[in-house]
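Analysis of the macromolecular model
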Amino acid sequence: MITRQRLAAGICALLATLTAGVAFPAGAVADETDSTASPKVELVLDVSGSMSAKDMDGGSRMAAAKQAFNEVLDATPEEVQLGIRTLGANYHGNDRKTGCKDTAQLYPVGTLNRTEAKTAVATLQPTGWTPIGPALLKAADDLDGGDGTRRIVLISDGEDTCQPLDPCEVAREIAAKGIGLTIDTLGLVPDAKTRDQLSCIADATGGTYTSVQHKEELSDRVGQLVDRAADPVVTPVATEGTAQCTSAPTLKSGLYTDREEFGKQRFYRVDVDPGQELRASVSVGADREVNPDYGVLLRAVTLHGREIVRGEGTGNGRTDVVSTGLRYPKAESDDDNAPAETVCLQVTNSFSAASGVKTTPGLPLELTVDVVDAPSKASDVASFGLGRGWWLLAALVLTGFVAGLLWGWLSRWRLAVWRTN
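Note that this is a predicted model, so its numbers are computed, not measured.

**Quick look at the environment of E169**
Turning to its location among the elements, E169 is positioned in helix α6 (residues 167-176). For the pair E169 and K358, spaced 189 residues apart in sequence, the C-alpha to C-alpha distance is 9.0 Å. Not counting the four nearest positions on each side in its chain, E169 is found in contact with K358 and T360.

See below:
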């Protein structure tokens, strides 16, 4: 029993240290860079006839939306450029073709004049159709240009009524442009079809979906999303990998987005100087229904195709994103003029689309590249990412061993006392 106790104590210390080492590997990953451009937000409000329904704390959905907008306009940070777009606000008739073009910018994206914006919101009355897809396309154009954060906040109480222009496909097309635009959606009714459509729109651009049934919840959530746009973030850079490494784009340290077709591969190039270490990770998301059992492979290879190192990730249908990563240290050289090595990063996926699901555009891909100074000694490179942390590991293992001995001796002494008494 004493032996088992000593062993358990040592193993616990070892596992704790290994966990800490993996979670916090030596060296920093890519630095976050704050965008100096002003963040832009456009609130897209459904003003269709169904917004007159009185099921939001005794008032209409439209009244709740107006109250939320007024509160958000008062609290919008000064640095945020905010605009408002409506859908279904102007056409009263029954002609579907005309109703599906009914989207207009109520207040332009720019420096906020709170009084003018509130006056514009006060004029809204529930009116017509629900052209979500066309409204999203126009909103993306409203936010076009600039390098700052761009976010659309869509508030709706129902499905798009203007098919076959599927708003989920529209969101995927917007994401495929690589402009870093996020769409968050809020649903005012707990309807399954509405939830599925709004969730799909948000998922396609890395946004969030929230079901809201109370006025205060609506105000709080819209305010949170507007404030989030002002938070410093890393802005992904759109890139386009190629089918061969020889023609692939050369990337520096940073965060990149791309689209990869089902079951295909993309190549990117990174130059690594002697004494540097390449750290790369990739995530591929399933923004539509896919067959279970899939994976992502990230390989670092030479220009001649020889594999240097690889990372693999797999899924079984229970996660929407699969990620993996790798590290490659380039040994130092005695020659101060030694050239950099061109490393080819190959990203391959084994996703397959479910029956009837469109395969274009490709799946969203996010690639992180970081080239840093390598550890000073070769022995520091691997070691589960611990580097010189092995000294700490040894100290903790020794501590655990001594603690096991003391605990065993104490247990044995107490047992002897108990038998004597």
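Don't stop here, the text continues.
**Re a nonpolar patch on the surface**
Taken together, the side chains of L398, F401, V402, L405 and L406 present a nonpolar region at the surface, about 460 Å² in accessible area. Structurally, L398 is set in helix α9 (residues 390-420). A residue is classified by how much of its surface remains accessible, and L398, at 54% relative accessible area, is exposed.

**Here we look at the nonpolar core**
One broad trend across soluble globular proteins is that nonpolar side chains are buried collectively. L43, L45, I155, L186, L218, V222 and V226 are the most contacted members of the largest nonpolar core, which totals 32 residues. The set of elements that each furnish at least two residues to this core consists of β1 (40-46), α2 (61-75), β2 (81-87), α4 (114-122), β4 (150-156) and α8 (215-230). For L186, the contacting residues outside a window of four places in its chain are V153, L154, I155, S156, L198, T210, V212, L218, R221, V222 and L225. In this structure, L251, V296, A300 and L365 belong to the second largest nonpolar core, which totals 28 residues.

**Overview of the pattern of salt bridges**
Within the structure shown, the criterion is met by 18 salt bridges. Here D74 ties to K118 by a salt bridge, and the two come within 2.5 Å at their closest N and O atoms. Of this pair, D74 sits in helix α2 while K118 sits in helix α4, and the two are 44 residues apart along the sequence. Given the relative accessible area of 46%, D74 is considered partly exposed. Judged by its relative accessible area of 27%, K118 falls in the partly exposed class.

**Here's the deal with the state of the cysteines**
One pass over the structure, following the stated rule, counts 3 disulfides. Each disulfide pairs two cysteine sulfurs, and for C100 the partner residue is C162, the sulfurs being separated by 2.0 Å. Taking the torsion about the sulfur-sulfur bond, which here is approximately -95°, the covalent link between C100 and C162 counts as left-handed. With C100 in the loop between α3 (96-99) and β3 (103-110) and C162 in the loop between β4 and α6, the pair connects residues that are 62 residues apart, well separated along the chain. Each member of the pair, C100 as well as C162, is classed as buried.

**Section: the sheet that holds strand β8 (residues 254-260)**
Across the sheet, which stays open at both edges, the 5 strands sit in the order β7-β8-β15-β10-β13 with mixed pairing between neighbours. What marks the edges here is a single partner per strand, and that holds for β7 (237-238) and β13 (321-329). Bridge count between strand β10 (residues 276-285) and β13: 9 bridges; the pairing is antiparallel. Counted as the bridge partner of S283 is S323 from β13.

**So, the packing of helix α5 (residues 132-142) against α6**
One can describe the packing of α5 onto α6 by two numbers: an axis separation of 8 Å at closest approach and a directional angle of 20°. Taken together, α5 and α6 sit at an angle that is classed as roughly parallel. Along this stretch, α5 crosses α6, giving a crossing that reads as right-handed. On α6, the residues touching I132, G133, L136, L137 and A140 of α5 are P167, V170 and I174. Taken together, the residues of the contact of α5 with α6 break down into 7 nonpolar, 1 polar and no charged.

**Thoughts on the packing of aromatic side chains**
Within this structure, the stated rule accounts for 1 aromatic pair. Ring geometry for Y294 versus F351: centroids 4.5 Å apart, planes at 15°, classification stacked. Here F351 lies in the loop between β14 (341-349) and β15 (363-373) and Y294 lies in strand β11 (residues 294-301), a separation of 57 residues in the sequence. The burial state of Y294 is the same as that of F351; both residues are buried.

**Considering the confidence of the model for the protein**
In the predicted model, the protein carries a mean pLDDT of 83, and 84% of its residues have values of at least 70. Of the regions scoring below 50 in pLDDT, residues 1-35 engages in 47 contacts with residues more than four places distant in sequence or in other chains. Here residues 378-388 is a poorly scored stretch, pLDDT under 50, and it has 23 contacts once near neighbours within four places are set aside; other chains count.

The rules behind each value
Residues numbered from 1 in each chain as written. Predicted model: local features only at pLDDT ≥ 70, side-chain atom pairs only at ≥ 80, totals over all residues. Heavy atoms only, no water. Helix = DSSP H or I, 4+ residues; strand = E, 2+ residues; numbered from the N terminus. Contact = heavy atoms within 4.5 Å. Patch = residues over 30% accessible without salt bridge, like charges linked within 9 Å, V, L, I, M, F, W, Y side chains within 5 Å. Areas by Shrake-Rupley, 256 points an atom, 1.4 Å probe, with all protein chains shown as cover. Salt bridge = Lys/Arg side-chain N within 4 Å of Asp/Glu carboxyl O. Buried < 20%, exposed > 50% of the residue type's maximum accessible area, 1.4 Å probe, protein only. Core = buried A, V, L, I, M, F, W, Y, C linked by side-chain atoms within 4.5 Å. Disulfide = S-S within 2.5 Å. Pairing = 2+ DSSP bridges. Axes fitted to C-alpha atoms, helices over the stretch in contact; angles between N-to-C directions. Parallel < 35°, antiparallel > 145°, perpendicular 65-115°, else oblique. Left-handed = near helix turned anticlockwise from the far one by under 90°. Nonpolar A, V, L, I, M, F, W, Y, C, P; charged D, E, K, R; others polar. Phe/Tyr/Trp six-rings, centres within 6.5 Å; stacked < 30°, edge-to-face > 60°. pLDDT = per-residue confidence, 0-100.

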